[in-house]
Amino acid sequence: MTQAKNKVVVFLGPPGAGKGTQAERLAAEQHLLKISTGDILRDHVQRGTELGQQVKPILDAGKLVPDDILIALIRDKLAGMDAVRVIFDGFPRTLPQAEGLDMLLEELGAPVNAVPLLEVPAEVLISRIVDRGKQAQAAGQAVRSDDTEEVARHRQDIYREQTQPLIDYYAARGHLYRVDGVGSMDQVYGRILDGMK
Ligand code: AMP
């Protein structure tokens with residue numbers, strides 16, 4: 001496979017900004033693998049694996065799972081890929097994770113190409129998350145244990161403290177672009193594509 005086939009996109013933005021939804025569409029349209037660390041961890045919790053049991057209280061409290069666990073998960077996911085065509089959703093969330101990812105990608109010869117930052121005002125985020133919980137409940141679907149107002153607020157604090165420094169990290173490398181995350185799904189998706197050109 002040639003280098004040009006590789007494509008690595010990192011979706012950055014606070015919890016509730018719509019990263020998962022937008023990343024899913026981009027993945028489908030551009031034949032990329034979406035790697036959502038929240039989904040992977042929730043799957044472990046649901047299956048009751050050793051890792052799941054270890055991380056459940058952390059997810060329930062809206063805190064961050066230790067960096068070494070995340071980096072090992074991503075290392076496994078990327079292992080053996082011919083062409084590295086991936087979108088990261090919810091990873092990296094700390095500077096050590098970003099540095100760990102860069103090291104893994106360097107080994108694979110597939111550097112980060114684009115980092116859209118989805119920007120949404122804080123109060124809109126909380127109501128989106130709480131609504132997501134209510135809608136899942138109304139539809140008889142599993143409600144995320146961390147989609148309550150209290151935990152949602154805590155997750156925003158953690159984002160500000162631990163994940164926001166990544167904005168400078170990726171801006172310094174010339175990969176970051178800002179996307180207004182308020183609007184219809186189509187509008188926001190259009191802005192993501194525009195910034196990627
Ligand atoms: P998310 O679905 O991305 O909102 O993630 C849900 C929860 O999974 C977070 O609140 C964390 O407890 C955990 N998690 C997901 N991704 C990471 C990560 N990159 N680093 C640490 N914890 C994570």
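The structure we're discussing is the one just above.
This text gives an overview of the structure that appears in the document.

Definitions and limits used
- Numbers given to residues run from 1 along each chain, matching the order in which its sequence is written.
- Given that this is a predicted model, residues contribute local features only at a pLDDT of at least 70 and side-chain atom pairs are listed and counted only at 80 or more, while totals for whole chains, interfaces and linings are drawn from all residues.
- Excluding hydrogens and water, the side-chain values take into account all heavy atoms of the structure.
- By definition, any uninterrupted DSSP run of H or I lasting at least four residues is a helix, any uninterrupted run of E lasting at least two residues is a strand, and each is numbered from the N terminus.
- Each residue is assigned to one of three classes by its accessible area relative to the maximum for its type, calculated with a 1.4 Å probe on protein chains only: buried under 20%, partly exposed between the two thresholds, exposed over 50%.
- We define a polar contact as two N or O atoms separated by no more than 3.5 Å, with the added condition that, inside protein, one atom must be a possible hydrogen donor and the other a possible acceptor, whereas residues neighbouring each other in sequence contribute only through side-chain atom pairs.
- Residues are treated as being in contact if the distance between any of their heavy atoms lies within 4.5 Å.
- For every element, the axis is a line fit to its C-alpha atoms; helices are fit only across the contacting stretch, and the angle between N-to-C directions ranges from 0 to 180 degrees.
- Geometric relationships in this document are graded by angle, where less than 35 degrees denotes roughly parallel, more than 145 denotes roughly antiparallel, 65 to 115 denotes roughly perpendicular, and other angles denote oblique.
- Charged means Asp, Glu, Lys or Arg here, nonpolar means Ala, Val, Leu, Ile, Met, Phe, Trp, Tyr, Cys or Pro, and polar covers whatever is left, Gly included.
- A single heavy atom is enough: if one lies within 4 Å of a molecule or strand, its residue is considered near that molecule or strand.
- Using the Shrake-Rupley algorithm and a 1.4 Å probe, accessible areas are obtained, with residue cover drawn only from the displayed protein chains.
- By definition, two strands form a pair when at least two bridges between them are found by DSSP.
- Buried Ala, Val, Leu, Ile, Met, Phe, Trp, Tyr and Cys residues form a nonpolar core when they are joined through side-chain atoms within 4.5 Å.

This paragraph deals with the side chain of Asn6. Here Asn6 is to be found in the segment before strand 1 (7–11). Residue classification places Asn6 among the buried positions, given a relative accessible area of 14%. Polar side-chain contacts of Asn6 include one of 2.8 Å to the backbone nitrogen of Val84. At 3.5 Å, the side chain of Asn6 and the backbone oxygen of Gly109 are in polar contact. Each residue touching Asn6, except ones within four places of it in the same chain, is listed here: Asp82, Ala83, Val84, Arg85, Gly109, Ala110 and Asn113.

So, about the packing of helix 7 (residues 149–163) against helix 8 (residues 165–172). Closest axis-to-axis distance for the helix 7/helix 8 pair is 5 Å, and the angle between their directions is 40°. Relative to helix 8, the element helix 7 is oriented oblique. Contacts between helix 7 and helix 8 involve Tyr159, Arg160, Glu161, Gln162 and Thr163 from the former and Pro165, Leu166 and Ile167 from the latter. Taken together, the residues of the contact of helix 7 with helix 8 sort by class into four nonpolar, two polar and two charged.

As a matter of local geometry, the ligand sits amid 16 residues, with Thr37, Arg42, Lys63, Gly90 and Gln97 nearest to it. Lys63 places a polar main-chain atom, nitrogen or oxygen, 2.5 Å from an oxygen atom of the ligand. Contact distances for the ligand include 3.4 Å between an oxygen atom and a side-chain N or O atom of Arg155. In the complex, the protein chains occlude 95% of the 480 Å² of accessible area that the ligand would expose alone. A total of four residues in the shell around the ligand trace back to one element, the largest contributor, which is helix 2 (residues 37–47). Counted by class, the shell around the ligand contains six nonpolar, four polar and six charged residues.

Before going further, it helps to spend a moment on the environment of Arg128. With respect to the element layout, Arg128 can be found in helix 6 (residues 122–138). Non-local contacts of Arg128, meaning those with residues more than four positions away in its chain, are made with Gly16, Ala17, Gly18, Val120, Gly181 and Val182. Separated by 3.2 Å, the side chain of Arg128 and the backbone oxygen of Gly16 make a polar contact. In this structure the side chain of Arg128 is engaged in a polar contact, spanning 3.2 Å, whose partner is the backbone oxygen of Ala17.

The strand order 1-3-2 describes an open sheet built from three strands, whose pairing is parallel. Unpaired on one side and paired on the other, strand 1 and strand 2 (33–36) mark the two borders of the sheet. Each neighbouring strand pair of the sheet contributes to a mean axis angle of 20°, computed without reference to strand direction. As paired strands, strand 1 and strand 3 (residues 85–89) are joined by five bridges and run parallel to one another. Following the sheet pairing, Val9 is matched in strand 3 by Ile87.

Between Phe91 and Pro92 the backbone carries a cis peptide bond, its omega angle lying at -5°. The residue His31 is not glycine, and still its phi comes out positive at about 50°. Topologically, His31 is positioned in the loop between helix 1 (19–30) and strand 2.

When a protein is soluble and globular, its nonpolar side chains tend to lie buried together. Counting 34 residues, the largest nonpolar core has Leu12, Leu78, Phe88 and Tyr170 as the members making the most contacts within it. Broken down by secondary-structure element, the contributors of at least two residues to this core are strand 1, helix 2, helix 3 (50–61), helix 4 (67–78), strand 3, helix 5 (95–108), strand 4 (115–119) and helix 8. For this core, the element with the most residues is helix 4, which contributes six residues. Leaving out residues up to four positions away in the same chain, Leu78 has contacts with Ile35, Val84, Val86, Phe88, Leu104, Leu105 and Leu108. With 18 residues, the next largest nonpolar core counts Phe11, Ala17, Ala27 and Ile192 among its residues.

Along strand 4, four of the five residues are buried, which leaves the element largely enclosed by surrounding structure. Bridge count for strand 4 against strand 5 (residues 176–180) is five bridges, and the pairing is parallel. Bridging from a neighbouring strand, Glu119 pairs with Asp180 of strand 5.

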